[in-house]
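So you can see what is in the structure, the chains are spelled out below.
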Amino acid sequence: MRFLLDTEQAEFGRTLDRLLGAADTPDVIRAWSSGDHGPGRALWSRLGETGVFALGVPEAYDGAGFLPVELAVSYVELGRHGVPGPVVETAAAARLLGRLPDVAKEWLPGIASGDVVVSLGVDGSYVLDADSADAVFVVCGDELRLASGHGPLLPSADPARRLYAPTVEGGTLLARGPEVRDAAARAVDLAAFLTAAQSLGVGLSLLHRTVEYATQRAQFGAPIGSFQAVKHRLADALTGLEFARPLVFGAALSMAPGDIAAAKVAAGEASYAAARAALQLHGAIGYTQELDLSLWLRKARPLRDAWGAPAACRARVLAEGVGEGVGG
């Protein structure tokens, strides 16, 4: 199935592409990885001005409402350009808080404008970029708390994904009850969906960079891109990404848990396959820190596993399918 964006959606994507293309995101990624958040926060503010973070915030809190297709367009571009920071977690937290009015009014206007950066952990998960976030929200069972701090920086395959264990003890209790659990489930679904869109963007960037390299690198007097084996490898990577794309936008239309899980596993695996092809065709130089490609290579696998590893997503797709079959 082919999904076509309308004129406004397509232009929004092009606007983000131009903005991020002029932002020198490789330098932003390297600074963020080293703990220098200044360039990243400046870029975050510019994204807030374009309305990216307002797309998941209700209109009652200065947002644009919940617009999944526009969110998908945005997060594909964020992945394509490698924007660091808790972009997924901030949107997921907004989804969570939007269902808790007593907490929402304090935080959502700032999230929508891009003035506030937040992160989110659910039931013991690590939190992304707790050192740079203005607030870290933690869901424990049916309680929502504001973390009182965080532990030391943890190892990550992607240095720009700065992982921490949140400190829950002593944190402020913001809400309690079954509505927290329900809101958290919706937030986790949104995080999985946006991670799928982000993965798709990372894979597209990896493929684009590899195609460019294959047309320039010569062996035996000819560009390596002219060799049949290389063409096949690139074609396989493209096929995986193009099969994942309609699943991502199909999930945007339904936001059904099974559709989100299918999009997550397809986009994550396709991006990881594109990363493996990129590394093989570039050779060892592809992983050197001097080459920008390495910044995207490091993202593919962590994003594949974040907010729903492939095995868990496949199990959810099967469970949703069985449920529909029994019900029908």
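Residues numbered from 1 in each chain as written. Predicted model: local features only at pLDDT ≥ 70, side-chain atom pairs only at ≥ 80, totals over all residues. Heavy atoms only, no water.

Let us now look at the packing of aromatic side chains. This model, assessed by the stated rule, comprises two aromatic pairs. Measuring from ring centre to ring centre gives 4.5 Å for tryptophan 44 and phenylalanine 53, while their planes differ by 15 degrees; the resulting arrangement is stacked. Take tryptophan 44: its relative accessible area is 2%, and that puts it in the buried class. Plain terms: the ring middles of tryptophan 107 and phenylalanine 137 are 5.4 Å apart, the flat faces sit at 90 degrees to each other, and that makes the pair edge-to-face. Of this pair, tryptophan 107 sits in helix H6 (residues 101-113) while phenylalanine 137 sits in strand E3 (residues 135-140); the two residues are 30 residues apart in sequence, bridging distant segments of the chain. On the basis of relative accessibility, which here comes to 14%, the residue tryptophan 107 falls in the buried class. Accessibility expressed as a relative area gives 0% for phenylalanine 137, which makes it buried. Its end group placed over the ring of tryptophan 296, arginine 209 keeps NZ or CZ at 4.0 Å from the ring centre. The aromatic ring of tyrosine 272 is capped on one face by arginine 304, whose charged end is 4.6 Å from the ring centroid. (Phe/Tyr/Trp six-rings, centres within 6.5 Å; stacked < 30°, edge-to-face > 60°. Buried < 20%, exposed > 50% of the residue type's maximum accessible area, 1.4 Å probe, protein only. Helix = DSSP H or I, 4+ residues; strand = E, 2+ residues; numbered from the N terminus. Lys NZ or Arg CZ within 6 Å of the ring centre and 35° of its normal.)

This brings us to unusual backbone geometry. The backbone of aspartate 123 sits at a positive phi, close to 50 degrees, despite the residue not being glycine. If you trace the backbone, aspartate 123 turns up in the loop between strand E1 (118-122) and strand E2 (127-128). With relative accessibility at 44%, the residue aspartate 123 sits in the partly exposed group. The phi dihedral of aspartate 129 is positive, around 55 degrees, even though this residue is not glycine. The topology assignment puts aspartate 129 in the loop between E2 and E3. The exposure class assigned to aspartate 129 is buried, which follows from its relative accessible area of 0%.

With that out of the way, let us pick up the side chain of serine 271. Within the secondary structure, serine 271 sits in helix H9 (residues 257-282). Within the structure, the side chain of serine 271 is placed 3.2 Å from the backbone oxygen of serine 199, a separation counted as a polar contact. Once residues lying within four places of it in the same chain are set aside, the contact partners of serine 271 are Ser199, Val202, Gly203, Leu206, Leu241 and Ala300. (Polar contact = N/O pair within 3.5 Å; in protein donor to acceptor, adjacent residues only side chain to side chain. Contact = heavy atoms within 4.5 Å.)

Here we have four strands laid out as an open sheet, ordered E1-E3-E4-E8, and mixed in their pairing. Here the strands that pair on one side only, and so sit at the sheet edges, are E1 and strand E8 (172-176). For this sheet, the mean angle separating the axes of adjacent strands, direction not counted, is 20 degrees. Where strand E4 (residues 143-146) and E8 come together, four bridges link them in antiparallel fashion. (Pairing = 2+ DSSP bridges. Axes fitted to C-alpha atoms, helices over the stretch in contact; angles between N-to-C directions.)

In this section: the packing of helix H4 (residues 68-80) against helix H7 (residues 178-216). Packing of H4 against H7 leaves a shortest axis separation of 6 Å and a crossing angle of 45 degrees. What the angle tells us is that H4 and H7 run oblique. Seen from above, H4 lies across H7 with right-handed handedness. Contacts from Pro68, Leu71, Ala72, Tyr75, Val76, Gly79 and Arg80 in H4 reach Leu190, Phe193, Leu194, Ala197, Gln198, Leu200, Gly201, Val202, Leu204 and Ser205 in H7. The residue inventory of the contact of H4 with H7, partitioned by class, reads twelve nonpolar, four polar and one charged. (Parallel < 35°, antiparallel > 145°, perpendicular 65-115°, else oblique. Left-handed = near helix turned anticlockwise from the far one by under 90°. Nonpolar A, V, L, I, M, F, W, Y, C, P; charged D, E, K, R; others polar.)

To continue, consider the confidence of the model for the protein chain. Confidence along the protein chain averages 93 in pLDDT terms, with 97% of residues attaining 70 or more. Across residues 322-328 the pLDDT falls below 50, and counting only partners more than four positions away or on other chains, this stretch makes zero contacts in the model. (pLDDT = per-residue confidence, 0-100.)

Look at helix H3 (residues 38-50): 19 Å from first C-alpha to last across 13 residues, which is about the 18 Å you get at 1.5 Å a residue. For H3, every residue scored as buried is listed here: Gly40, Leu43, Trp44, Leu47 and Gly48. Taken end-on, H3 shows its buried residues confined to a sector of 150 degrees, consistent with a single buried face. Looking at the buried positions of H3, the neighbouring elements they touch are helix H1 (7-21), helix H2 (25-33), H4, helix H5 (87-97) and H6. Looking one or two places after H3, you find glycine 51, whose phi comes out positive at around 95 degrees. (Expected span 1.5 Å × (residues − 1). Arc of directions from axis to C-beta.)

In this section: the pattern of salt bridges. Scanning the model with the defined rule gives 17 salt bridges in all. In this structure, the salt-bridge partner of aspartate 305 is arginine 304, at a minimum N-O distance of 3.3 Å. The class for arginine 304 is buried, based on a relative accessible area of 13%. Taken together, the shared-partner salt bridges connect Glu269, Arg304, Asp305 and Arg314 into one network. (Salt bridge = Lys/Arg side-chain N within 4 Å of Asp/Glu carboxyl O.)

Below, the discussion takes up the environment of alanine 187. Inspection of the secondary structure assignment puts alanine 187 in helix H7. Setting aside its immediate chain neighbours within four residues, alanine 187 contacts Ala92, Arg95, Leu96 and Leu120.

Below, the discussion takes up the packing of H7 against helix H8 (residues 228-254). Where H7 contacts H8, the axes come no closer than 10 Å and their chain directions differ by 155 degrees. In terms of axis orientation, H7 runs roughly antiparallel to H8. Crossing of H7 over H8 shows left-handed handedness. For the pair formed by H7 and H8, the contact residues are Phe193, Ala196, Ala197, Leu200, Gly203, Leu204, Leu207, Thr210, Val211 and Ala214 on the first element and Val230, Leu234, Ala237, Leu238, Leu241, Glu242, Arg245, Val248, Ala251 and Ala252 on the second. Tallied by class, the residues present in the contact of H7 with H8 amount to 16 nonpolar, two polar and two charged.

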